[in-house]
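Read off the chains here:
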Amino acid sequence: MRDFLELLERKGLLEKIGIPLSTDREISSILLSLEDQAFLFRQVKDFQMSVAGNLYCTKANLALGLGLSASATNYDLLTLIGKAVRYPSESIGSVSGFRDSDFDHNEEADLSKLPILKHFDEEAGRYITAGIVVAKSPETGEDNLSVHRMLVLSKNKVVARIVPRHLARIASEMSPKSVPVSVVIGPPPSVFLSAALQIEYGTSEYRVASKLSGGKLNLMKCEHNDLAVPIDSEVVLEGELVWDDLVDEGPFVDLTRTYDDVRKQPTITFRKMHFRNDSTYQVVVGSSREHSIFMGLPQELKILDSLSRAVSKIRGVNLTQGGNGYFHCIVSLDKVNDGDGKTAIMSCFAASHPLKLVIAVDSDIDPFDLNEVEWALATRFQADRGLIVINGARGSSLDPSSSKSAVTSKLGIDATLPMNQDRAKFKRATISTSDLARSIVEEIRSKHKQVLESK
Ligand SMILES: Cc1cc2nc3c(=O)[nH]c(=O)nc-3n(C[C@H](O)[C@H](O)[C@H](O)COP(=O)(O)O)c2cc1C
C-alpha cells in the first residue's frame, strides 16, 4: 500500500493531515464529510501509526492503483478487472519463506497498538474495517481472501461478520471448525480489490491479484501458519477463526449508512502481529464512497457479463451512488428487438441479487446523467406497459426494508421506446451553433466553476 500512497501523493491526490486527531470518531467524521478525497492522518492521538482512509474513493484512484492512467474510463477499468477474473494467473506470485527482517516488529498480538477507529455514534466499539482474511481451503488447497469487519473484543480477540460465502465454506470443511487465518491490513491495491471480488470457489484471489499486478505479486509465508501474505502489507495478524465461538456482533454502520442488525458471529483470536516502525493503518469507513465502489464492482462485472449475452449492444451501466452503488442500476442500450428493454432488466436482476431497481433507457441517454434518465422517464415511459414488479425475490441483508431472510420486491422500469415508434417525436432537440458561441458558453461555465471552487 505504501507505493500506492506515494503515487497518490505524487499525483496531488492525497491530503495529508499533520494535526493530532482522535481515533474516536474524529478521523471517521472527516473521512465521511470529504468522501471523495484520499487522506493520510500522520498524527493520531495516543498512537505511533498513521491512518490512511478513502484511498479508493474514486474509480480513477483505483485505476491508478492498478497501473492504469487516471483518465482511464470505467470501461477500461472493468475490462482490466474482468480479464483478470476470467483468466487469472497460473501462479499466485512469488512466495518466500517467513523472514523476521521483513517487518520491524514480530510480536505477540496486541490490538491496542493499532489505531483502530470507532466510526459512528452508536456502533458497538472499535472496528477493523479494511482487514483481509486469508484462509486456505483444505479441499482445494487454494487460499481464499475476503474483507470482513471485525469488532475488537480484547487485545487479541475480535468478532468478525461473515456472510455465508467462501470463508464459511472453508470453516465447514474443517473438523473441528477452527480455521487458521491471517488478517492483512494495507496490502497492495490489486490484493485489496481481489479480496472484494467474488471469484469462483477454489481459485485463489491471489491469482487474480497477480494478474492485475502484471505478475509482480510478492508474497511471504506467515510465521505460524501455512498462509501466504503480501510482503508489501502494513500490518499482518496471525490467528484462528473459531466458527462455533459465537459472540454478539454490532451494531455497525454498513453500506446503506444504517445500523446493521446485531447477530451472533464467530470470533478470531490472534497470536502474532507483524508491522513496521512506519506502518500505516488502513480504514474503509462503512457507507463511504470507497465502500460502495468495492461492493458495486463485483456486481457491475456480473451485470455486464449477463447483459452482453442477453442483449446486443450496451452503451453503459450505472450502479448509482444514491443506490449505494449496489441496489439501483441504469442500463442504456441499443434496442434491436422489441422487448430488449425488459430482457435487459431481467438479465440485470438475474445477475445481481442485491438489485432492487433497474431502469432501462435507449442508447441516446447517458446512464450517468440522472437528469437525462429522468427526462427519458418523463418523455418515453408509460407505467401501463413499462413497469415490472417482482415480489418475493432474493435481496440483500444490507437492505433494512427487506424481510429477515433478505427477501425483497424488485422494480423494473423500461423507459426505452417501442421499436415501431416514430423516433423523430422523441429526439432531444439540438442547436447547430458557431465556434464563437460555444467558446462563450465554455468561458462562462469555467468562470462559474472557479467561483464555486473558491467558496
Ligand atoms: C470494505 C468492505 C467490507 C466488507 N465487509 C464484509 C463483512 O463484514 N462481512 C462479509 O461477509 N463480507 C464483507 N464484505 C464483502 C466480502 O469481502 C466480499 O463479498 C468477498 O468477495 C467475499 O469473498 P469470497 O468470495 O471469497 O467469499 C466487505 C467488502 C468490502 C469491500
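For the structure itself, consult the block above.
Residues numbered from 1 in each chain as written. Predicted model: local features only at pLDDT ≥ 70, side-chain atom pairs only at ≥ 80, totals over all residues. Heavy atoms only, no water.

**What to know about the overall build of the chain**
Heads up, the rule is: Note on conventions: DSSP H or I runs of at least 4 residues are helices, E runs of at least 2 residues are strands, and numbering of each starts at the N terminus. Atoms considered for the radius of gyration are the C-alpha atoms alone. The globule rule reads 2.2 Å times the number of residues to the power 0.38. Remark: exposure states derive from per-residue accessible area (1.4 Å probe, protein chains only) relative to the maximum for the residue type, with buried under 20%, exposed over 50%, and partly exposed in between.
In terms of regular secondary structure, the chain is built from 12 helices and 21 strands. For 455 residues, the compact-globule formula gives about 23 Å, and the C-alpha radius of gyration of the chain, at 24 Å, lands near that figure. In terms of its C-alpha atoms, the chain occupies a principal-axis envelope of roughly 75 × 50 × 45 Å. Split into buried and exposed, the 455 residues of the chain put 53% on the buried side.

**Some points on the sheet that holds strand S4 (residues 94-96)**
To be explicit about the condition: For two strands to be treated as a pair, DSSP must find no fewer than two bridges joining them. Angles run from 0 to 180 degrees between N-to-C directions of axes, and those axes are lines fitted to C-alpha atoms, restricted for helices to the stretch in contact.
The mixed open sheet is built from three strands, whose spatial order is S4-S12-S13. Of all the strands in the sheet, just S4 and strand S13 (228-230) have a single pairing partner and so form its edges. Each neighbouring strand pair of the sheet contributes to a mean axis angle of 35°, computed without reference to strand direction. Bridge analysis of strand S12 (residues 218-221) against S13 gives three bridges, and the strand direction is antiparallel. Each bridged residue has a counterpart across the sheet, and for Lys221 the counterpart in S13 is Ala228.

**Regarding the side chain of Glu173**
Our working rule: When charges are counted, Lys and Arg contribute as positive and Asp and Glu as negative, whereas His and the chain ends are disregarded. Salt bridge, as used here: a side-chain nitrogen of Lys or Arg that lies within 4 Å of a carboxyl oxygen of Asp or Glu. Whenever a nitrogen or oxygen atom comes within 3.5 Å of another N or O atom, the pair is scored as a polar contact, on the condition that within protein one atom can donate a hydrogen and the other can accept it, and that pairs from neighbouring residues in sequence are kept only if both atoms are in side chains. In what follows, a contact means two residues having at least one pair of non-hydrogen atoms within 4.5 Å.
Residue placement: Glu173 occurs in helix H5 (residues 166-173). Of the side chains bearing the opposite charge, Arg169 lies closest to the buried Glu173, which forms no salt bridge; the N-O distance is 4.1 Å. Within the local environment of Glu173, its side chain forms a polar contact with the side chain of Tyr201, the two groups lying 2.6 Å apart. Ignoring any residue separated from it by four or fewer positions in sequence, one finds Glu173 in contact with Ser137, Pro138, Glu139 and Tyr201.

**Side note on the packing of aromatic side chains**
What characterises a pair of aromatic rings is the spacing of the ring centres plus the angle enclosed by the ring planes. Here is the rule: Stacked, tilted and edge-to-face pairs are distinguished by plane angle, under 30 degrees for stacked and over 60 for edge-to-face with tilted covering the rest, among Phe, Tyr and Trp rings (Trp via its six-membered ring) whose centres lie within 6.5 Å.
If you walk through the whole model with that rule in mind, you get seven aromatic pairs. Aromatic side chains Tyr56 and Phe294 sit 5.2 Å apart centroid to centroid with 70° between the ring planes, which places their arrangement in the edge-to-face category. Separated by 238 residues along the polypeptide, Tyr56 in the loop between strand S3 (50-53) and helix H3 (59-65) and Phe294 in helix H8 (residues 289-310) bring together distant segments of the chain. Across this residue pair, the class does not change: Tyr56 and Phe294 are buried. Members of the aromatic cluster, each reached through a chain of ring pairs, are Phe4, Tyr56, Phe192 and Phe294.

**A word on the nonpolar core**
The condition that has to hold: Here, nonpolar core means buried Ala, Val, Leu, Ile, Met, Phe, Trp, Tyr and Cys residues that are tied together by side-chain atoms lying within 4.5 Å of each other.
Ranked by internal contacts, the top residues of the largest apolar core, which has 52 residues, are Leu55, Leu62, Leu193 and Tyr206. Looking at this core element by element, the count peaks at five residues for helix H6 (residues 189-196). Beyond its immediate sequence surroundings of up to four residues, Leu55 is in contact with Met1, Phe4, Leu5, Leu8, Leu14, Ala38, Phe39, Asn61, Gln282 and Glu290. Core analysis: the second largest hydrophobic core is formed by 45 residues, Leu31, Ile162, Ile170 and Val253 among them.

Don't take any of this as a statement about function, it's just geometry.
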